[in-house]
Amino acid sequence: MSDLAHFRAETRAWLEENCPPEMRTPMRSEDDACWGGRHFTFQSEAQERWMRVMGEKGWTVPDWPSAYGGGGLSPAETKVLREEMKAIGARNPLSSFGISMLGPALLKYGSEEQKKRFLPEIARGEIRWCQGYSEPGAGSDLAGLQTRAEDQGDHWLVNGQKVWTSYADKADWIFCLVRTSSESKHGGISFLLFDMESEGVSTKPILLISGYSPFCETFFDNVKVPKDQIVGEVNRGWDVAKYLLGHEREMISGMGLGAGGRSVTLGKALGEIDDPVLAAEVAMFDVDALAFAAMSEHFIDQLKAGEAHPAMPSMMKYAGTELNKKRHELIMAAGGSDALEWESERSRGGKAAREWLRTKANSIEGGTSEIQLGIVAKHILRLPGA
Amino acid sequence: MILTDDQRQLADMTRSFLSEEGTIKKQLRHWRDTGCKDGFGHGLWKQMAELGLTGLAVPEEEGGLGLGATEAALVMEEVGRNLTPSPFLTTALVAVEALKGTEQGKRWFPGIVAGETVAAIAVDEGPHHRPRKIALQATRSGNGFALTGAKQFVVHGASADVILVAARTGGSPGEPEGLTLFAVPRDAAGMSVENVTLTDASKAARVTFEGTQVDADAVVGEVDGGWEPLRRAMRAGRTGAAAEMVGVAAGASAMTVDYLKARRQFGKLIGEFQVLQHRAAHLFGEIEIARAATLKAAELLDRGEEKAGIMSHVAKAKAGRVSALAVQEGVQMHGGIGMTDEHDIGLYMKREKVLDTLFGDANYHARMVQMLIG
């Protein structure tokens, strides 16, 4: 038996023993996701246990080095683990911006002390992170941000406002872009980490068209941040920010595969469609969806092999989110007036309509579709003046 | 999927060979403008044989390279990029796949490997690819069968030494059962071949059978068992055609992006206009996706997985849509010059339309995907 086959057999046996049956059922909605953190309310004992055993084994972050709480697995082993988890329908044990965004940036730009301090608690789901990027005046033009951090000798003093901070009201810590110099737009930004329980931090949820409030406004009023909580060099935070954005875009591109336990394709899942025009649209959608799934797998293989162009996450983010918006337009069309119900038990609280509205943010958050296309035009196609 | 070193070498070798010998000027325009009856050059076919390409899919024990659908796709993409006319797709991929493991294979493989034999496949009987609806009749007669009916869109049919003809020995149109595949040599009595020039200057034949007599040993595989080799051949054909369309799209798109960086209007390069940048970037992503879908189908075929069926339909449908977008954007962004025969971009548009139609268009394959989704 090859080493990989051996690893597969071991992994299968371990999952069989350790993955609670309840965690092998499809998620009913995004609400079933496990986020961990100081104040997270687990839905069940099984959810808590699944996160814990996977975290202890380092398999919440299978390809991170074991010295930082990861599984230390090779790309091939990581793929085997994902395949075996998929085979038994295992849920993701831990959804986390620490895993999908901050972790990769710390691995690349963090000091040894920062890696040892922050990465293991991310892997175990102990600290929930949020992202302080956008500001009221700095959306697509992110580098125009104005939140200030002043050097006070023994600490940074942070003042300003962030917006669209996902789950800021539930997060324990924030990774935050701040202006440490006004002399250069991109060259005056630094990347800070701090505790959301620090004095002077406050949050206010934003009610969205879906009726949910996953995003917040976040205010900083004379927040003191220890000097050792800057990642990378002072005024070089834009490099860290861009690298992290690549990982954020990778994560968001996964929307193209259908979130929340939904299948990649719509055919059959929508039941009988008696309108041939809609049926044709669904048929073409399913071609796009299956082709995107192949691309997604290929993209991950390329990333792990270090062969992906640095701008490819932008292409994937664009394609995945536009696909997901189309998916939900078709779900609404197939659902007719049933799908319009907003509060009824029958509609599970307006699930179809609310999810449809939620997807409209996919092509805005993490950089709009137009921003992604601009990045591809500039960095891959090398078009002039892009 | 990450390509192996051997696969990369094959792709590199093919790319440098075709970008030298298979160019639009040396091949497509040359044979078109000289009115060649074959629409391709036998010299190039022979050169491809010397590189091992004509026998790429032929099993090693029969003198070929014994390679799979992934390698075939890598070669096809380069063919598409250069619009190189050759019998590679229909002879070296489709016919070889149908003939694998049969007595007829033993007969024709040596000539294919040597670059001396051209093989064609005759499936369509109307303007659309509907393989289950095959009605051409093969009835028992003497020591063999007599074929009666007509086929169209038989690529390189008039140049072929042998035509693989899908005929009905049983069942009725609409059923996969009762089909038989015959290897009909070019000199078969009662077979008339009309050589037809298509939009892209390639040649396809309309073939009429009027009681054409073939021996019993002309049967490829089993009588009434034609669906299996036909299905395999069509999977290879549609995956190969998808890869060729990815090449056509990539070639047209590269030419177009170059033009955006060279053409000036309103005092600046037209590639500076955001409206064109975004369309070019969208197209780039779509081509990447079409390529990934095609290589995925090839990978599944090579692993012998059942999902290869649906994925080969996905690949052909996606590549068809994407390459159509690529050539339409290509001509539009070139403006007036794109409408001229002198410029190559229009040749990509013509080739794309033929390839999309070959072995079923995007609509057909999207319908098949929908049928197969469980």
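What you are looking at is a predicted structure, and each value in this text was computed from that prediction instead of being measured.

### Describing the overall build of chain A
Counting its regular elements, chain A contains 10 helices and 8 strands. Its C-alpha atoms give chain A a radius of gyration of 21 Å, near enough to 21 Å, the size a compact globule of 386 residues would have. Seen through its principal axes, chain A has C-alpha atoms that stretch 70 × 50 × 45 Å. A burial count over chain A gives 42% of its 386 residues as buried. Restricting the contact set of chain A to residue pairs at least 6 apart, pairs at least 24 apart contribute 70%.

### With respect to the domain arrangement of chain B
Residues and elements named next belong to chain B. Assigned domains of chain B: these are domain 1 (5-118), domain 2 (121-224) and domain 3 (228-372). The gap between the C-alpha centroids of domain 1 and domain 2 is 23 Å. With 19 residues of domain 1 at the contact, the number on the domain 2 side is 18 residues. Residues belonging to the side of domain 1 that touches domain 2 are distributed by class as follows: 9 nonpolar, 6 polar and 4 charged.

### Observations regarding the interface of chain A and chain B
Listed as interface residues are 30 residues of chain A and, on the opposing side, 30 residues of chain B. Counting residues per element, the ones that place at least two in the side of chain A that touches chain B are helix H7 (276-304), helix H8 (312-335) and helix H10 (369-380) of chain A. For the side of chain A that touches chain B, the leading source of residues is H7 of chain A, giving 12 residues. When the residues that make up the side of chain A that touches chain B are grouped by side-chain class, the tally is 20 nonpolar, 5 polar and 5 charged.

### Topic: the domain arrangement of chain A
All names here are of chain A. Structurally, chain A comprises domain 1 (3-123), domain 2 (129-235) and domain 3 (240-380). Put simply, the middle of domain 1 and the middle of domain 3, counted by C-alpha atoms, are 23 Å apart. Contacts between the two partners involve 11 residues from domain 1 and, on the opposite side, 12 residues from domain 3. The element that contributes the greatest number of residues to the side of domain 1 that touches domain 3 is helix H4 (residues 97-109), accounting for 6 residues.

### Regarding the environment of Gly125 of chain A
Residues and elements named next belong to chain A. With respect to the helices and strands, the residue Gly125 is situated in the loop between helix H5 (112-123) and strand S1 (129-132). On a C-alpha basis, the gap between Gly125 and Phe220 in space is 25 Å, while along the polypeptide they are 95 residues apart. In this structure Gly125 touches Gly36, Met51, Gly55, Thr60, Leu94 and Ser96, once residues within four positions along its chain are discounted.

### Digging into unusual backbone geometry
Residue and element names in this part refer to chain A. Even without a glycine there, the phi angle at Trp164 is positive, about 60 degrees. Inspection of the secondary structure assignment puts Trp164 in strand S3 (residues 155-166). What makes Trp164 buried here is the crowd of 22 C-beta atoms within 10 Å.

### Concerning helix H4 (residues 69-82) of chain B
In this model, H4 of chain B (14 residues) spans 20 Å end to end at C-alpha, consistent with the 20 Å of a helix rising 1.5 Å per residue. Counting buried positions over the 14 residues of H4 of chain B gives 14, a clear majority of the element.

### Comments concerning the packing of H4 of chain A against helix H6 (residues 237-253) of chain A
Residues and elements named next belong to chain A. The interhelical angle for the contact between H4 and H6, taken along N-to-C directions, is 140 degrees, at an axis separation of 8 Å. The angle between H4 and H6 places the two elements in the oblique class. Our pair here, H4 against H6, has a crossing hand that is right-handed. Residues Ser100, Met101, Pro104, Ala105, Lys108 and Tyr109 of H4 form the contact with H6, whose participating residues are Val240, Tyr243, Leu244, His247, Glu248 and Met251. The class makeup of the residues in the contact of H4 with H6 is 8 nonpolar, 2 polar and 2 charged.

### Considerations on the confidence of the model for chain B
When the pLDDT values of chain B are averaged, the result is 97; 100% of them are 70 or greater. As a predicted assembly, this complex carries a pTM of 0.94 together with an ipTM value of 0.96.

### Observations regarding the pairing of strand S7 (residues 203-215) of chain B
Residues and elements named next belong to chain B. Relative to S7, strand S3 (residues 144-155) runs antiparallel, the two being bridged by 10 bridges. Residue Phe145 lies in a different strand from S7, and its bridge partner there is Val214. Here strand S6 (residues 191-197) pairs with S7 via 7 bridges, running antiparallel. Paired with Met191 across the two strands is Phe209, which belongs to S7. What sits between S6 and S7 in their antiparallel hairpin is a turn of 5 residues, with Ala201 showing a positive phi close to 75 degrees.

### Considering the packing of helix H7 (residues 227-260) of chain B against helix H9 (residues 308-334) of chain B
Residues and elements named next belong to chain B. Taken N-terminus to C-terminus, the directions of H7 and H9 make an angle of 25 degrees; their axes are 8 Å apart at the nearest point. The orientation of H7 relative to H9 falls into the category roughly parallel. Our pair here, H7 against H9, has a crossing hand that is left-handed. Across the contact of H7 with H9, the residue classes break down as 17 nonpolar, 9 polar and 4 charged.

### Overview of the nonpolar core
Membership of the largest hydrophobic core comes to 165 residues, with the highest contact counts inside it found for Leu164, Phe182 and Val314 of chain B. Trp35, Trp164, Phe175 and Phe191 of chain A belong to the second-largest nonpolar core, a separate cluster that totals 62 residues.

### Thoughts on the environment of Ile122 of chain A
Residue and element names in this part refer to chain A. Summarising the element assignment, Ile122 is placed in helix H5. Taking the C-alpha atoms as reference points, Ile122 and Ala138, separated by 16 residues in sequence, lie 28 Å from one another. Those residues in contact with Ile122, other than ones at most four positions away along the chain, are Ser96, Gly98, Ile99, Leu102, Gly103 and Ile127.

### Re H8 of chain A
Residues and elements named next belong to chain A. Between the first and last C-alpha of H8 there are 35 Å, a value that for 24 residues agrees with the 34 Å anticipated at 1.5 Å per step. When you tally the buried positions in H8, you get 17 out of 24 residues, the bulk of the element. Remark: Gly336 follows H8 within two positions and exhibits a positive phi of approximately 60 degrees.

### Side note on the pairing of strand S1 (residues 119-122) of chain B
Residue and element names in this part refer to chain B. Residues Ala119 and Ile121 of S1 are buried on one face, and the alternating residues Ala120 and Ala122, pointing to the opposite face, are buried as well. Of the pairings in the sheet, the one linking S1 to strand S4 (residues 162-168) comprises 4 bridges and is parallel in character. In the strand pairing of S4, Ile121 is matched with Leu164.

Conventions and cut-offs
- Residues numbered from 1 in each chain as written.
- Chains lettered and ligands numbered in written order.
- Predicted model: local features only at pLDDT ≥ 70, side-chain atom pairs only at ≥ 80, totals over all residues.
- Helix = DSSP H or I, 4+ residues; strand = E, 2+ residues; numbered from the N terminus.
- Rg over C-alpha atoms; globule rule 2.2 N^0.38 Å.
- Buried ≥ 20, exposed ≤ 12 C-beta atoms within 10 Å, placed from the backbone.
- Contact = placed C-beta atoms within 7 Å.
- Domains from an automatic or database assignment.
- Nonpolar A, V, L, I, M, F, W, Y, C, P; charged D, E, K, R; others polar.
- Expected span 1.5 Å × (residues − 1).
- Axes fitted to C-alpha atoms, helices over the stretch in contact; angles between N-to-C directions.
- Parallel < 35°, antiparallel > 145°, perpendicular 65-115°, else oblique.
- Left-handed = near helix turned anticlockwise from the far one by under 90°.
- pLDDT = per-residue confidence, 0-100.
- Pairing = 2+ DSSP bridges.
- Core = buried A, V, L, I, M, F, W, Y, C linked by C-beta atoms within 7 Å.

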